Amino acid sequence: MTVKESDVSKDSVKITLLADNEASEGLEKEHGFAAWVEVGSRHILFDTGHMGALQGNAARLGINLKDADLLVISHGHRDHTGTLDKFLAENNHAELYFANQIDIERFWYKPDADTYGMPEESRQALAALPASRVHSIAAPHYLAPGVGITGPVPRLNSFEDTGGTFYFDKNRVTVDGIEDDQSMWFETDDGLVVLLGCCHSGLSNTIDYIRKISGISKVRGVVGGMHLLQANEQRLEQTFEVMTGWNADFLIPCHCTGMASAIKMRATIGSEIVSHGHAGMVVEAGQLRQ
Ligand SMILES: [Zn+2]
Ligand SMILES: [Zn+2]
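In this report, the structure presented in the accompanying data block is examined. The structure presented is a predicted model; accordingly, all values stated were derived computationally and were not measured. Position labels on residues start from 1 in each chain and follow its written sequence. Chain labels run from A onward and ligand labels from 1 onward, assigned in the order the entries are written. Under the rules for a predicted model, residues below a pLDDT of 70 receive no local features and side-chain atom pairs below 80 are neither given nor counted, while totals for whole chains, interfaces and linings still include all residues.

1. Thoughts on the environment of leucine 251
- We count a stretch as a helix when DSSP gives it H or I for four or more residues in a row; a strand needs E for two or more, and each element gets its number in order from the N terminus. Looking at the secondary structure, you find leucine 251 in strand 14 (residues 250–254).
- Sequence-wise, leucine 251 and arginine 220 are 31 residues apart; in three dimensions their C-alpha atoms are separated by 8.7 Å.
- Once C-beta atoms are placed from the backbone, any two residues with those atoms within 7 Å are in contact. If we skip the residues at most four places from it in the chain, leucine 251 touches Gly221, Val222, Met243, Ile269, Ile273 and Val274.

Rendered as structure tokens:
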């Protein structure tokens, strides 16, 4: 994961995990996800975590969230949009990118769980933003040359689902396909590096889509929530087979991958390729090819 001999004309990509279900010693952990992306001199925040680990860990790591030029939201679940209000209170210029609609009521599949959509405070903060800072996309979009976000991901294969059934209503009648789920990618000298939020669209579906959009088939690395928490043995087996076929340099399961599935992934694909993500982890993702 080391950056090759530096080339001043190219932007290097560095991803620092700021909120995750696991954390380095001295950092907070929570059920949520957020990552800080540095692309050359630009700063992109990807998701805002759940309960405030983002702000605490950013401060501990010397990362100033005011420096974010862009905020990309992977989807409107509360473990990715919690503290959006706090972020917007301190950052008055970052432009927001998300797919479809993220500020809707939604519910978890567990009957005892309360609403799982964006928290009310975050919703209000989003609604108060000027339209010029808010971009809801319905198709893939390049934020900069070599830096893309997928928008809604086509669900084409038969073995992946949203990872549990989610709903739009409290009575759990109307199924939520989480059509707003999106991921981000970087086109580096050594192939695609992909950053996932929860990956409700499915890992294989997501990577296939990014390969198609970018025209790059080589997958250098994947980092983020892979939502294999509830995956059965058959799905895990098929997923690991697809992942092995990527021949990636690094695979970093985080957040909703689930520790049991992440451990199986490491045992199946290899400990030299698979490492467990955690808040505080830094991924030197290489240089953008340009
Ligand atoms: Zn989710
Ligand atoms: Zn999540």
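2. Quick word on helix 1 (residues 53–60)
- Those residues of helix 1 lying buried are Ala53, Leu54, Gln55, Asn57 and Ala58.
- Buried residues in helix 1 make contact with strand 1 (12–19), strand 2 (34–39) and helix 3 (84–90).
- Once helix 1 ends, the next one or two residues include glycine 62, with phi positive near 75°. Field definition: a residue is buried when 20 or more other C-beta atoms are found within 10 Å of its C-beta, exposed when 12 or fewer are, and partly exposed for counts in between, with C-beta atoms placed from the backbone.

3. As for the sheet that holds strand 6 (residues 134–137)
- For two strands to pair, DSSP has to find at least two bridges joining them. In spatial order, the strands read 6-5-4-3-2-1-15; together these seven strands make up an open sheet with mixed pairing. Strands at the two margins of the open sheet, each flanked by one partner only, are strand 6 and strand 15 (282–287). Averaged over all neighbouring strand pairs, the angle between strand axes comes to 20°, with direction disregarded.
- The pairing of strand 1 with strand 2 spans six bridges and is classified as antiparallel. Among the inter-strand pairings, threonine 16 is bridged to a residue of strand 2, identified as tryptophan 36.
- In this description, a line fitted to the C-alpha atoms serves as the axis of each element, helices being fitted only across the stretch in contact, and the angle between N-to-C directions of two axes falls anywhere from 0 to 180 degrees. Docked against the sheet, helix 1 engages strand 1 and strand 2, running at close to 125° with respect to strand 1.

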